[in-house]
Amino acid sequence: LFRSVVGINQQISMLGKWAGLTEKAMQRMEPNFQYASIYIYLKEGANVKKVCSKLENQYKDEGAHLTNSLETFDDTVKSFTTAMRDMVIACIIFTIVIISTIMYLILKVKIIRERQQLGIWKAMGFTTPQLVGQVVISVLPALFVGSSLGIVLGYFGISPVLAGLLSFVGIRKIEFSTAWYSCFGICAGLLLLACTVSVLVSLRIRKINPSKLLQED
């Protein structure tokens, strides 16, 4: 029926499944069409609430109803920000649990496998803090590599992923600004968490007794 699309208006309402037509275009489809609502665009800096109040008083006898689009938009955005905040908190908790579990299992297996060697070092005079520090240092390279990859992927990957998710609700083009210090701070916090878990798990070394190891052999 229509030969061309003159523009795309992206909105979240109706999950983006809607189209806007001019009055003449709609009358070509429905000759008896009469519009029941209008959009009023104000100049920048205009007081929206005062304009709405003035129009409501002016057309109150005709049953006119005005909706402040800015308030509607704020309410919609607020619901999205709340949902995003809850999702971020859930992801952080899930990440903390995963990192703690993985570090616990890895270090537990490492200590069990190197139990004999750790006992020998204890017999040679190494203290428990020294051995704990050695175990933690042995996993630091992997932690640093993982944190660095997390910073890079977080900085360059968050915006495309969120844009792809919002495309399902009608938002086709959007740009997010990601602060590098936020990515760095989160990865530094996770790195600190991993180191803390490593130290706590490595404290099992203090239970290693060289004399008992000799008796077991």
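Higher on the page you've got the structure.
What you see is a predicted model; the values in this text were computed from it and never measured.

Describe the overall build of the protein, naming the residues involved and giving the relevant values.
Scanning the protein from N- to C-terminus turns up seven helices and zero strands. Along the protein, helices and strands appear, N-terminal first, in the series α-α-α-α-α-α-α. Of the contacts formed within the protein by residues at least 6 apart in sequence, a portion of 74% connects residues at least 24 apart. Just so you have it, the protein exposes about 17,100 Å², and 64% of that area is on carbon and sulfur atoms.

Describe the packing of aromatic side chains, listing the residues and the values that go with them.
Evaluated as defined, the whole model comprises two aromatic pairs. Seen in terms of ring centroids, tryptophan 121 and phenylalanine 126 are 6.4 Å apart; in terms of plane orientation they differ by 55°. Their pairing is tilted.

Could you give me a rundown of the side chain of lysine 122, with the residues and numbers involved?
Following the sequence through the fold, lysine 122 ends up in helix α4 (residues 115-123). Side-chain polar atoms of lysine 122 contact the backbone oxygen of arginine 206, separated by 3.2 Å. Sequence-distant contacts of lysine 122, that is, excluding residues within four places in its chain, are made with Thr128, Leu131, Ile205, Arg206, Lys207, Ile208 and Pro210.

So what's going on with the pattern of salt bridges? Residues and values would help.
Evaluated as defined, the whole model comprises two salt bridges. The partner of arginine 85 in a salt bridge is aspartate 86, and the shortest N-O contact between them spans 3.6 Å. Under the relative-accessibility criterion, aspartate 86 is labelled partly exposed at 41%. Between glutamate 114 and lysine 110 there is a salt bridge, and its shortest N-O distance comes to 3.1 Å. Judged by relative accessible area, which is 30%, glutamate 114 ranks as partly exposed.

Give a detailed account of the environment of isoleucine 205, specifying residues and quantitative values.
Mapping isoleucine 205 onto the fold places it in the loop between α6 (180-202) and α7 (210-216). Exposure remark for isoleucine 205: the relative accessible area of 0% places this residue in the buried category. Not counting residues within four places of it along the chain, the set of residues in contact with isoleucine 205 comprises Ile111, Leu118, Lys122, Leu131, Val132 and Val135.

I'd like to hear about the nonpolar core, residue by residue, with values.
Formed by 18 residues in total, the largest nonpolar core has its most connected members in Met103, Leu107, Leu118, Leu143 and Ile205. Counting only elements with at least two residues in this core, the list comes to α3 (69-113), α5 (128-166) and α6. With six residues, α5 is the largest single contributor of residues to this core. For leucine 107, the contacting residues outside a window of four places in its chain are Val135, Val139, Ser198, Val201 and Ser202.

Give me the lowdown on the packing of α5 against α6, citing residues and values where you can.
Closest axis-to-axis distance for the α5/α6 pair is 9 Å, and the angle between their directions is 160°. Comparing the axis directions of α5 and α6 gives the class roughly antiparallel. The interaxial crossing formed by α5 with α6 has right-handed handedness. Of the residues in α6, those touching α5 at Val132, Val135, Val136, Val139, Leu140, Leu143, Phe144, Ser147, Gly150, Ile151, Gly154 and Tyr155 are Trp180, Cys183, Phe184, Cys187, Leu191, Ala194, Cys195, Ser198, Val199 and Ser202. When its residues are assigned to classes, the contact of α5 with α6 shows 17 nonpolar, five polar and no charged.

Each value, and the rule that gives it
- Residues numbered from 1 in each chain as written.
- Predicted model: local features only at pLDDT ≥ 70, side-chain atom pairs only at ≥ 80, totals over all residues.
- Heavy atoms only, no water.
- Helix = DSSP H or I, 4+ residues; strand = E, 2+ residues; numbered from the N terminus.
- Contact = heavy atoms within 4.5 Å.
- Areas by Shrake-Rupley, 256 points an atom, 1.4 Å probe, with all protein chains shown as cover.
- Phe/Tyr/Trp six-rings, centres within 6.5 Å; stacked < 30°, edge-to-face > 60°.
- Polar contact = N/O pair within 3.5 Å; in protein donor to acceptor, adjacent residues only side chain to side chain.
- Salt bridge = Lys/Arg side-chain N within 4 Å of Asp/Glu carboxyl O.
- Buried < 20%, exposed > 50% of the residue type's maximum accessible area, 1.4 Å probe, protein only.
- Core = buried A, V, L, I, M, F, W, Y, C linked by side-chain atoms within 4.5 Å.
- Axes fitted to C-alpha atoms, helices over the stretch in contact; angles between N-to-C directions.
- Parallel < 35°, antiparallel > 145°, perpendicular 65-115°, else oblique.
- Left-handed = near helix turned anticlockwise from the far one by under 90°.
- Nonpolar A, V, L, I, M, F, W, Y, C, P; charged D, E, K, R; others polar.

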